[in-house]
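# Chains, contacts and geometry: an overview
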Amino acid sequence: MSSPTSRQTAAGQRRQQAKAQLAKLSAFWDEKRIGHMTYGDSVSGPGQQAASSSTPWALPAAASNQGRAKVALLKENAEREQRRKKEQERFEQAERQRRKRTYMTRDLTQVLNELMADWATTAEGRRAAAHRATLPLEIYASHELLWPDTAEIAGTAGQEGLSLPGAGLVLGGGGGGGDDRGKNANLGIWKQLVINGVNEATGHYSVVWKDSGAAATLHPIYVALGGGLENRFHVLQRITDALVRRRDAEVLMRYDLFIEHMPISPSVVASLGQQQASRILTLALIRSAAKVDADAITEQLEQVQHEYEKTMNKLIFDVNMQNADNIDTFRLVALPPRPPRGPIPLLGVVETPPHDFKLARAEFCMHSFQVSREALLAAIEVRAHCVEVEKTALFVTTHTRPLSCVEYTACQHDALMAAVRLLKEEWPTNTARAVRAILADADPEDYNIDEIYLRHYNRESNPLRRLLARANLVMTDTLCGVEHNAVGLYEAYVLRCCSWDVRIEGTSKVTCVFNGRDVTPQPLFMTAVIASPVKRVMNGDAVQESERRICEWLADKDNEGQECPIEKRYVMERLFWSRPALVGSVPLDDEVVAASKQRSSDAVKRSCEPLMQYLKAFEKHHEFLNLDVAEYVGGLKHASVTSKDEGDGDDDDDDDDEAPVRVELSALRGVLDRHRSAIAQVEGEIPADAVACGLFQVDASAIRSSLIAKHKDILRRVLESHAEHTVMLSSYINQRFGKIEKRLQVQPANIEETCALEESIEQVEVTLSALSDGIQDVVKYCEVLEDFWFMSDSDEHIRGRWTAVGWPVQIVQARRDAEAVCTSMRERYLVEMVGEQERFASTLAAIETEVSAFADLYDLANVQDIAAQVRAVEEELNQAEQDAARFNAREGLFERDITEYDMLWEAKKNLEPYANLWKTAQDWMTMFKAWTTVSFTKLDAEDIESKTESMYSAISKALKYFERAEMGNQKEIAAQIKQKIAEFKPNNPTIIALRNPGMRERHWEDISAQLGFSVVPNEEFTLKNVLSLNLTEYLPIIEKVSESAAKEYQIEVALRKMQEEWETIELEILPYRETGTYLLRGIDEISALLDEHVTMTQAMQFSAFKGPFEERIDAWNAKLYMVSEVLEAWLAVQRNWLYLQPIFESPDINKQLPAEGKKFASVDKAWRSSLSAAKQNPQAISFCDSEKLLERFREGAALLDQVQKGLSDYLETKRGAFARFYFLSNEELLSILSESKDVKAVQPHLKKCFENIDKVRFEANLEISALISPEGEQIALTKPVDPNGKNVEHWMLELEAAMRESCRDVMEAAVLDYPQTPRIEWMQKHVAMCVLNGSQMHWTLETEDLFDHYGEEGPSRALKRQISQLDDMVILVRSDLPKSTRTTVGALTVIDVHARDVMQKLVDQGVASAAEFLWTSQMRYYWQESHLWAEMVAARMRYGYEYLGNTFRLVITPLTDKCYLTLMGALQMTLGGAPAGPAGTGKTETTKDLGKALAQNVIVFNC
């Protein structure tokens, strides 16, 4: 079916052809005879030739110089002929114009009727007149012959007052055109009419007949335009063409109708034979690589059979119709005559401008390659190779089991890579080889396949370039065909996989219907319903990933196809091509590919819908899956725990505490029963096996296990929590009972303890009642644990239960014993208390007498004695107060009346005023004497003030009491003391101001100057002098000066403290190894103190009271800054010196870096002298305060930076020479370079440069002859390495090359020796790496040989051989083997066990070919091109020959194989691989083991 665009293009072409034909008819219209003109007449002009040359065409030889001369002569003749033809055309044009003017004078209808009458006399006219028409004429109108511009006619006829004259054809004698259906009328007559307009919707004319005035609507075929707008012959051709086409169409339809309904007689018409059908089917499918549906093939064969029978009936019908006896019978089927076959055109059937055929032929032969037999054979050969390539399949369109996305990708990738390898390597190479073989016999002048100059090849006239260009186009077309075919097959595969009608009835009930049948599908993808870490049920990304993987190959294959190299690069081997040219392929935006991708994508999306519907069945589990078990269990409300502070368990006053836990057993059982029922429900609803769901196979076992495990986890956690609650409650009960028993067993030492024991006995009954309920709770808690089969490693809850049950009996017995003790102890303690109370009453009477005696004491001279008596009586009253309280408490315990000791409180009250009087008097007299006699500089002003205030308060209280009691003597003494204290109190502020610790001589001088008299404190200056000078009057002046002194004192103290701290700080200068110099250590504390003091000093500089110390502060700040700068520069030099000192100790380094060595020596000399001086004077503040030292350190740091830069540049040159040095640190590399004279000193570093070389064997002449591994295994070098007189990087390069060459040689020897030596002997004969990889190579060879000879039976034979080899190894390892051999055999056992597992898998899955993925995905080894190669799917790596020593190999698991497969693919494409997973899962070890498998050096970086 053609597209709208193609139909529009065809319509446009027809319109252009119609215009051209109309122009041609208009040009020759006057060539016809007026009245009796016939078609085909022409006007002959002078010089017109009637005949043309017909020189036969022949295949010429290659163009030569003589041929080129002939071409020039032919061109000249052709130009002469063109000039002659132009003169004749001018003559004919003039004659046509003359005839046109004559013809225009005649009436339009008359001319048309004459022309119609003339045509009716022809054979075609007679047949058309005799034909009985059944179809309207207008449907056969040729659009090319109609007037094209109806819009112009509509505009002309639609002008106001303007009508367009013309003629209309009336058929069948009616009044207008188009009324002849079903009538056997004549050809009609033309009548005059006027055109008034055109219907834009239908294109019909609105006309009015002139003879009748009737209006009508006519199809354009029945209308001829007057006024010279339309050529008469064009009108005639339009009518006659429609009449003939209508008659011929009706006859042919009748003819086909007769043939279609002819009966089929087996006796007359033979059916299509089986042999013919098979041949047709073979030819139809021979070029198709796709698998065609059997139903479609059957339907097509039925169509072929029908067409065959119809063709046979047509032959029979034609034979009978041509029989003269059947003319009347077949008169209704008078077929139109076949158009006469014209002469075979000489130059083709396409209209071309006049030209010279000979000249054109000669030019064609000169520029075309098709005149050469070899070139044609080469083109045929290219096409033959393309036909072979057309069968290539780009994608895998079958599967035997559901695949994961990774497996699907790998499968498709392998198929695509195999096809790409064919298209990119084999196809162009084989084609080029065939073309070169054919063109080798061609004329080298035209087909020089060994051309070396590109400019010669690119000549316009070079036929070889055109031949190869055509080959490229053919290959491009073939490649596009292959891709379109592959896309179609892949689409059909996807649509077939997605054609299932899936019905979801539940998680365990899924029905898949195909073509109305309920069958079990073979899904393409396998996916699983899982519980992911994030809050969702299924990894929906897996579904999207499956959809993406299905569609992505349609895009990836285009990129691969565009890389197919162009053919000319292989044919023209000796030419240099500046950039690779590629064969074009299907573009990414190709309509076919895009449509196929869209259909595949839509089908996959539809197939995902049932899967998502299936997943909805798991939505009810979303909430539970997203449930945090710990949070859920912690939020259960069946148990309430009472928090208790630590240590409360040891108190004796917690008898009334509540139980630590309360459990609602009904709620607990409800939770446990709910989750136990949920487990059974999940096991019944969610299937344990995978379920086919159309395109996908869904495995819900993971979510099933997850749900069950989560419910069981909840059960376990709840039961564990309940067990803890049980233990908590039983421990609480046992603890309570233990405390009760302990209290009942106490032996009382006094009446208080006896009463406490009696209280404990009384509480036992209540406590037993309360704790008995707790015991029952413990029993019930344990029953719940037993009902739900709770198992625990600890039996604490069981032991706690039975201990609690036994406590009541023990407590009853302990109570009986305690009651007996209390009865005996109470009687004894009562008698003792009564005697003590009688003695206490006598003591109180004596104290009362002593207090009353103080009223008679009033002599101030005896103040010392009286004060001592007062203090003694106070102590007796305090002791009596304590005894009275004890007696009252015991009376309460014995249930006796409480005795009131009023005499005690009365005596205490009476003593208080005497105590205030005499104690204050004594204190004042003593202290005042001391204050006024001691030096003023030793007084504590704050102590004087506080004591003065307290004495004044006490004496005031005593004075008030004595005034009320009218005790004149005591009153007089109190008044006297109070007056003295009151007179002294105003001097306290003055004393405080003058005794400020910041007061200095300058301050005293300032006070003296302001007071006008000298106030200078010295040893003789006392408080008496201060009082005599009456300084209180000048208190404001004194306080102002004192405040300033206090601020200055703070600065002075802080500054002095900092200086004192630095006096004790010394630098820690310690010897450094055996260098004879020292290092600075322990700088952290100094740096912290330095920062702190710098901050404090800067704060002092901004203080308003810094005046007296400003110079000291500035000097101290400068000193600290210098120390800071020196220490910073010191540490910078020390860091670089420590790094460079061991390097430049080596004479070799100094020799190779002389400039840097001199600079370092200069710094080293200054360093040693500076550190020696520091050792002699380690005080930090004095040694580091040196400008000269700072400059020395700064110059040293600059020189060391230059040395380090030069050293780095030097090391970079060494690393550039030997790349493995990049994996050594600077220190390690310098250690090697510093011992360059002693080549043996390099041995400790070999392990860091090579995979497993521990050391090498040096001969007497220091040549290296063998490699030695850490295990002691040796491998002799094929060619010894001589390090003498060479730089270390150079002979290390030679050692690396010798290692690889030697490992290759021993590997080849081991491989060749394997078939000749028994395997047990062979594995003990060769080095370990050759045994491991050589064995794998022969395992690969033997397995593929069995595949070739036995097919599917091959793996089973290989498995038997593998098991036999393992049995032999078991016997070997049981014998007495050397350690190295046992290690080798152990590593080989690991590999052989994996090989056995691989063979078992091949047998289980019925692998029958070495090309199947399960085999190609294994690590395989081949000995090819004198080297060992490792292959895995499409990845191919040459063995690295890194010496591996004799080490163990990693156990190979399926995950190891997957890592190998991924990393090998990455290495093949020069990409990186990144195994991901939790720590400790073997990512690094797997990568290292792959390095061993490929004999590559593996460097592990800990980032």
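Each value, and the rule that gives it
- Residues numbered from 1 in each chain as written.
- Predicted model: local features only at pLDDT ≥ 70, side-chain atom pairs only at ≥ 80, totals over all residues.
- Heavy atoms only, no water.
- Helix = DSSP H or I, 4+ residues; strand = E, 2+ residues; numbered from the N terminus.
- Contact = heavy atoms within 4.5 Å.
- Areas by Shrake-Rupley, 256 points an atom, 1.4 Å probe, with all protein chains shown as cover.
- Expected span 1.5 Å × (residues − 1).
- Buried < 20%, exposed > 50% of the residue type's maximum accessible area, 1.4 Å probe, protein only.
- Salt bridge = Lys/Arg side-chain N within 4 Å of Asp/Glu carboxyl O.
- Pairing = 2+ DSSP bridges.
- Axes fitted to C-alpha atoms, helices over the stretch in contact; angles between N-to-C directions.
- Left-handed = near helix turned anticlockwise from the far one by under 90°.
- Nonpolar A, V, L, I, M, F, W, Y, C, P; charged D, E, K, R; others polar.
- Core = buried A, V, L, I, M, F, W, Y, C linked by side-chain atoms within 4.5 Å.
- Phe/Tyr/Trp six-rings, centres within 6.5 Å; stacked < 30°, edge-to-face > 60°.
- Lys NZ or Arg CZ within 6 Å of the ring centre and 35° of its normal.
- Patch = residues over 30% accessible without salt bridge, like charges linked within 9 Å, V, L, I, M, F, W, Y side chains within 5 Å.

The next point concerns the overall build of the protein. If you tally the helices and strands in the protein, you get 46 helices and 21 strands. The long-range share in the protein, meaning contacts at least 24 apart out of those at least 6 apart in sequence, stands at 73%. When the accessible surface of the protein is summed, it comes to about 82,000 Å², and 52% of that surface belongs to carbon and sulfur atoms.

Here we come to helix α16 (residues 591–616). Every α-helix winds through 3.6 residues per turn, so residues three or four apart in the chain are directed the same way. Taking 1.5 Å of rise per residue, the 26 residues of α16 would be expected to cover 38 Å, and the 37 Å separating its terminal C-alpha atoms lies within 8% of that figure. Among the residues of α16, those classed as buried are V593, S596, S600, S601, A603, V604, S607, C608, P610, L611, Y614 and L615.

With that settled, consider the pattern of salt bridges. Enumeration according to the criterion identifies 42 salt bridges in this entry. Between R1168 and D1164 there is a salt bridge, with the nearest N and O atoms lying 2.8 Å from each other. One end of the pair is R1168 and the other is D1164, both in helix α34 (residues 1154–1176) and four residues apart, which spans about a single turn. Since its relative accessible area comes to 25%, R1168 is described here as partly exposed. What makes D1164 buried here is its relative accessible area of 13%. As a salt-bridge pair, R1304 and D1305 come within 3.0 Å of each other at their nearest N and O atoms. Residue classification places R1304 among the buried positions, given a relative accessible area of 16%.

Within the secondary structure layout, F1193 lies in helix α36 (residues 1187–1217). Along the primary structure F1193 and A1132 are separated by 61 residues, whereas in three dimensions their C-alpha atoms are 8.4 Å apart. For F1193, the contacting residues outside a window of four places in its chain are V1126, A1129, W1130, V1133, W1167 and S1170.

Our focus in this paragraph is the pairing of strand β1 (residues 164–170). Here β1 lies mainly inside the structure; six of its seven residues are buried. The pairing of β1 with strand β2 (residues 189–198) spans seven bridges and is antiparallel. Each residue of the ladder has a partner; that of G166, found in β2, is L193. Sheet topology places β1 next to strand β5 (residues 223–225); three bridges connect them, and they run antiparallel. Paired with G166 across the two strands is L225, which belongs to β5.

Below, the discussion takes up the packing of helix α32 (residues 1110–1144) against α36. For the pair α32 and α36, the least separation of the axes is 8 Å and the interaxial angle reads 35 degrees. By crossing handedness, the relation of α32 to α36 is classed as left-handed. Between α32 and α36, the residues in contact are M1122, E1125, V1126, A1129, W1130, V1133, N1136, W1137, Y1139, L1140, I1143 and F1144 and E1187, L1189, L1190, F1193, R1194, G1196, A1197, L1200, D1201, V1203, Q1204 and L1207, respectively. Split into classes, the residues belonging to the contact of α32 with α36 amount to 17 nonpolar, three polar and four charged.

Judged by nonpolar contacts, the single largest core of 117 residues is most densely connected at W1062, L1067, L1127, W1130, M1292 and L1295. If you tally residues by element for this core, the top one is α32, at 15 residues. If near-sequence neighbours (up to four positions away) are discounted, W1130 is found in contact with L1067, I1069, L1080, W1167, L1171, A1174, F1183, C1184 and F1193. With 104 residues, the next largest nonpolar core counts L423, L468, A471 and F788 among its residues.

Time to look at the packing of aromatic side chains. Within this structure, the stated rule accounts for 25 aromatic pairs. Judged by centre distance (5.8 Å) and plane angle (90 degrees), the ring pair of F928 and F984 falls under edge-to-face. Here F984 lies in helix α26 (residues 968–984) and F928 lies in helix α24 (residues 902–933), a separation of 56 residues in the sequence. Overall, F984 belongs to the buried group, its relative accessible area being 3%. Just above the ring of Y952 sits the side chain of K985; from NZ or CZ to the centre is 4.3 Å.

Before going further, it helps to examine the sheet that holds strand β18 (residues 1274–1281). The strand order across the open sheet built from three strands is β16-β17-β18, with neighbouring strands paired in antiparallel fashion. Edge positions in the sheet fall to β16 (1255–1258) and β18, since each of these pairs with one other strand and no more. The average angle at which neighbouring strand axes cross in this sheet is 30 degrees, direction not considered. Strand direction decides the pairing type here: β16 and strand β17 (residues 1264–1268), joined by four bridges, are antiparallel. Bridge pairing in β17 links K1255 to I1268. Sheet strands touched by helix α39 (residues 1288–1313): β16, β17 and β18. Its angle to β18, the strand with the most contacts, is close to 125 degrees.

A contiguous nonpolar patch, built from Y1222, F1223 and F1501 and spanning about 340 Å² of accessible area, is present on the exposed surface. Within the secondary structure, Y1222 is located in the loop between α36 and α37 (1226–1233). Exposure remark for Y1222: the relative accessible area of 42% places this residue in the partly exposed category.

A separate point is unusual backbone geometry. Across the chain, the bulk of peptide bonds are trans and the bulk of non-glycine residues have phi less than zero. Residue E966 is not a glycine yet carries a positive backbone phi of 55 degrees. Looking at the secondary structure, you find E966 in the loop between α25 (941–965) and α26. Judged by relative accessible area, which is 73%, E966 ranks as exposed. Phi at E1425 is positive, roughly 55 degrees, even though this residue is not glycine.

Quick look at the pairing of strand β15 (residues 1078–1081) now. Sheet faces and side chains relate simply in a regular strand, where the side chains alternate between the two faces. Note that strand β14 (residues 1068–1071) and β15 share four bridges and pair antiparallel. The residue bridging E1068 from the neighbouring strand is R1081, located in β15.

Positionally, Y1072 belongs in the loop between β14 and β15. Once the C-alpha coordinates of Y1072 and L1138 are considered, the two residues, 66 residues apart in sequence, prove to be 9.6 Å apart. When neighbours within four sequence positions are excluded, Y1072 is seen to be in contact with T1077, Y1078, L1079, R1081, W1137, L1138 and Q1141.

Time to look at the sheet that holds β2. The antiparallel open sheet is built from five strands, whose spatial order is β4-β3-β2-β1-β5. Edge positions in the open sheet fall to β4 (215–218) and β5, since each of these has one partner strand only. Across this sheet, the average inter-strand angle for adjacent strands is 40 degrees, counted without regard to direction. The strands that helix α3 (residues 108–120) touches are β1, β2 and β5; relative to β2, the one it contacts most, it runs at about 130 degrees.

Viewed as axis vectors pointing N to C, α24 and α26 meet at an angle of 35 degrees, and their least axial separation amounts to 10 Å. α26 is crossed by α24, and the crossing has left-handed handedness. Counting all contacts with α24, which are made through L917, W918, T920, A921, W924, F928 and W931, the residues of α26 involved are Q970, I973, A974, I977, K980, I981 and F984. Taken together, the residues of the contact of α24 with α26 break down into 11 nonpolar, two polar and one charged.

The quantities given are spatial measurements derived from coordinates; they are silent on function.
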